[in-house]
Amino acid sequence: MSTPNLYQHLLEKFSYYSINELIQLNNDTVSEKGWGSSKSTFRTALISTFSKRGLDLSNIISREDGFTSVKYVAVRLEENTLIPILQ
């Protein structure tokens, strides 16, 4: 499956996941090795799904000089905001 097709497939599937399941999947992708080249596609689809669910991503996303950076961290949910878990 090509990356654009995988991304679309993941967005579709993630729409059925609960927020807690999505957070667990995010934390698994951050902590586990072996996801291969699809890891960034999984993370991008997760971040997009979090955004579509209306979660506040401001603690894990920053914009500087026209570039958007997403922190590669495990997260927890607190008052509709994703908070990085410091390890």
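Above this text sits the structure in question.
Reading guide: rules and limits
Residues numbered from 1 in each chain as written. Predicted model: local features only at pLDDT ≥ 70, side-chain atom pairs only at ≥ 80, totals over all residues. Heavy atoms only, no water. Helix = DSSP H or I, 4+ residues; strand = E, 2+ residues; numbered from the N terminus. Rg over C-alpha atoms; globule rule 2.2 N^0.38 Å. Buried < 20%, exposed > 50% of the residue type's maximum accessible area, 1.4 Å probe, protein only. Contact = heavy atoms within 4.5 Å. Areas by Shrake-Rupley, 256 points an atom, 1.4 Å probe, with all protein chains shown as cover. Lys, Arg positive; Asp, Glu negative; His and termini not counted. Charge placed at Lys NZ, Arg CZ, Asp CG, Glu CD. Pairing = 2+ DSSP bridges. Phe/Tyr/Trp six-rings, centres within 6.5 Å; stacked < 30°, edge-to-face > 60°. Core = buried A, V, L, I, M, F, W, Y, C linked by side-chain atoms within 4.5 Å.

Trainee: Hey, could you run me through the overall build of the chain in this one?
Mentor: Check the secondary structure of the chain and you find three helices and four strands. Ordered by position in the sequence, the α and β elements of the chain form the string α-α-α-β-β-β-β. Here the chain has a C-alpha radius of gyration of 13 Å; the compact-globule value for 87 residues is 12 Å, and the two agree. For the chain, the residues scored as buried account for 36% of the 87 residues in total. In the chain, the share of contacts with a sequence separation of at least 24, taken over all contacts with a separation of at least 6, comes to 55%. Of the roughly 5800 Å² of accessible surface on the chain, 49% is carried by carbon and sulfur atoms. The chain carries 9 positive and 9 negative side-chain charges, and their two centres are separated by 4 Å.

Trainee: Looking at this structure, I do not really get the environment of Ser69. What am I missing?
Mentor: Relative to the assigned elements, Ser69 resides in strand E2 (residues 67-70). Apart from residues lying up to four places away in sequence, Ser69 is in contact with Ile60, Ile61 and Ser62.

Trainee: Sorry, what's going on with the pairing of E2 here?
Mentor: Within a regular strand, side chains alternate between the sheet's two faces. Bridging between strand E1 (residues 61-64) and E2 involves four bridges; their strand directions are antiparallel. Each bridged residue has a counterpart across the sheet, and for Ser62 the counterpart in E2 is Ser69. Hairpin connection from E1 to E2: two residues lie between these consecutive antiparallel strands, with Asp65 at a positive phi of about 50°.

Trainee: It is not clear to me how the packing of aromatic side chains should be interpreted in this structure. Could you clarify?
Mentor: Between two aromatic rings, the relevant description is the distance of the centres plus the angle of the planes. Taken as a whole and assessed by the stated rule, the structure comprises one aromatic pair. Taken together, a centroid distance of 5.4 Å and an interplanar angle of 70° make the contact between Phe14 and Tyr17 edge-to-face. Since its relative accessible area comes to 2%, Phe14 is described here as buried. Taking the relative accessible area as the measure of exposure, Tyr17 reaches 33% and is therefore partly exposed.

Trainee: How should I be thinking about the nonpolar core in this particular structure?
Mentor: For soluble globular proteins, nonpolar side chains are generally found buried alongside one another. In terms of nonpolar packing, the biggest core is built from 18 residues, with Phe14, Phe50, Leu57, Ile60 and Leu82 touching the most fellow members. Contributions of two or more residues to this core are made by helix H1 (3-14), helix H2 (19-31) and helix H3 (39-52). Looking at this core element by element, the count peaks at five residues for H3. Sequence-distant contacts of Phe14, defined by excluding residues within four places in its chain, comprise Leu22, Leu25, Phe42, Ala45, Leu46, Thr49 and Arg53.

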